[in-house]
Amino acid sequence: CIQVCSGFVQHRDADSGEMTLEVVKNNKDNALLDMVDSIDPYKNKIIVWAKHVFSVRKISKLLTKKGYENESIYGEVKGIKSIVDRFQNNKLPRILVCSIGKMEASVTLTVANYNIFYSNDWSYGKRSNAEARTRRIGSGIHKNIFYIDLITENSIDGHIYNCLKRKKNLVTTLKAAFMGTENVG
C-alpha cells in the first residue's frame, strides 16, 4: 500500500468506522535526509513533494530536527501566498514541503532547482503540474532543474512511477501526432 511506503498505514475500526494512523518505519525518511544533505540546501533551494498530508507534516518535522529551516503547504494551511513569497524572495526557508494536490497549479516556485518526489499521485496531470511550478517558460533562472523520485524497491511506488512515465509518453506521442512532428521521444 502506498501509505506503507510513505511511513504510515490507515486502519478503519470494523465496528465504529473510526480511522486511526499507525506510523510504520521505512527507509525513505533516511534516503530523503541523505538526498537533502547531498544537494546542500544552503546552496540550492529544494521542494519536497508528497501525496499525503501526513507525509508532508512528517517530512517537515524531520527536516526541522535535522536543522533545516523549512515551510510546508498542504490542504489546511493558511497564508499560502505569504509562504510562497518568503520561499521565492527570501534567503530562508531553503526547503518547501508541499502536498502535490494543493500546489499543483497556479503557483510559481522558480527559485528552486531541485524537486524531490517523496511520493506520487496516480495522476500524470498533477505530477506534470507540480513539475511545472519550477520550470516556467522564459524564466531562465536555472540551466538545470532536477526531479528526483524516492522509490521503495518492489513496492507500489515503482508501479505508480512507471504508470506516470507511460502516461507521459502517451501525452508526448499525442502532442507530436497533433502537431505533425515526426520524432517522438
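Just above, that's the structure.
These figures come from a predicted structure and were not determined experimentally.

Rules and cut-offs
For every chain, the first residue of the written sequence is number 1, and numbering continues from 1 along that sequence. With the structure being a predicted model, the display of local features is reserved for residues of pLDDT at least 70 and the display and counting of side-chain atom pairs for 80 or more, all residues being used for whole-chain, interface and lining totals. For side-chain calculations, the full set of non-hydrogen atoms in the structure is used, while hydrogens and water are omitted. For Phe, Tyr and Trp, rings pair up if their centres lie within 6.5 Å, where Trp contributes its six-membered ring, and each pair is then called stacked (planes under 30 degrees apart), edge-to-face (over 60) or tilted (otherwise). The way it works is that DSSP assigns letters per residue, a run of H or I at least four long becomes a helix, a run of E at least two long becomes a strand, and they are numbered from the N terminus. With a 1.4 Å probe rolled over the protein chains alone, any residue whose accessible area is under 20% of its type maximum counts as buried; one over 50% counts as exposed, and the rest are partly exposed. Either the NZ atom of lysine or the CZ atom of arginine qualifies as a charge over a ring when it sits within 6 Å of the ring centre and within 35 degrees of the ring normal. Here a strand pair is declared whenever DSSP counts at least two bridges between the two strands. Think of it like this: strands point away, you trace from the first strand over the helix to the second, and a clockwise trace means the crossover is right-handed. In this analysis, axes come from line fits to C-alpha atoms, helices being fitted only over the stretch in contact, and the angle between any two N-to-C directions falls in the range 0 to 180 degrees. Note on contacts: a residue pair qualifies if any of its non-hydrogen atoms lie within 4.5 Å across the two residues.

Draft legend 1. Up close: the packing of aromatic side chains. Tallied over the entire structure, the rule returns three aromatic pairs. Measuring from ring centre to ring centre gives 5.9 Å for Tyr 42 and Tyr 68, while their planes differ by 45 degrees; the resulting arrangement is tilted. With Tyr 42 in the loop between helix H2 (28-39) and strand E3 (46-50) and Tyr 68 in the loop between helix H3 (53-65) and strand E4 (70-73), the pair connects residues that are 26 residues apart, well separated along the chain. Under the relative-accessibility criterion, Tyr 68 is labelled buried at 11%. A ring pair is formed by Trp 49 and Phe 117, whose centres lie 6.0 Å apart and whose planes are at 15 degrees; its orientation type is stacked. A residue pair is termed long-range when its members are at least 10 positions apart, and Trp 49 in strand E3 and Phe 117 in strand E6 (residues 114-117) qualify at 68 residues. For the pair shown, Trp 49 and Phe 117 are each scored as buried. The ring centre of Tyr 118 lies 4.9 Å from the NZ or CZ of Lys 28, which sits over that ring. Between the NZ or CZ atom of Arg 127 and the centre of the ring of Phe 117, over which it lies, the distance is 3.6 Å.

Draft legend 2. Seen up close, the environment of Leu 92. You can see Leu 92 is positioned in the loop between helix H4 (80-89) and strand E5 (95-99). In this structure Leu 92 comes out as partly exposed when scored by relative accessible area, which is 41%. Considered as a pair, Leu 92 and Lys 45 are 47 residues apart in the sequence and their alpha carbons are 9.2 Å apart.

Draft legend 3. Inspection of the pairing of E4 at higher detail. Burial along E4 is two-sided: Asn 70 and Ser 72 and Glu 71 and Ile 73, pointing in opposite directions, are all buried. For E4 and E5, the ladder comprises four bridges, and the chain directions are parallel. Paired with Glu 71 across the bridge in E5 is Leu 96. Handedness of the crossover joining E4 and E5 through H4 is recorded here as right-handed.

Draft legend 4. Broad picture of the sheet that holds E4. In spatial order, the strands read E4-E5-E3-E6-E7; together these five strands make up an open sheet with parallel pairing. Each end of this open sheet is capped by a strand with a single partner; those strands are E4 and strand E7 (146-149). Sheet twist, expressed as the average angle between the axes of neighbouring strands with direction ignored, equals 20 degrees. Relative to the sheet, H2 contacts E3, E5, E6 and E7, its axis offset from that of E6 by approximately 175 degrees.

Treat this as a map of the structure, not an account of what it does.
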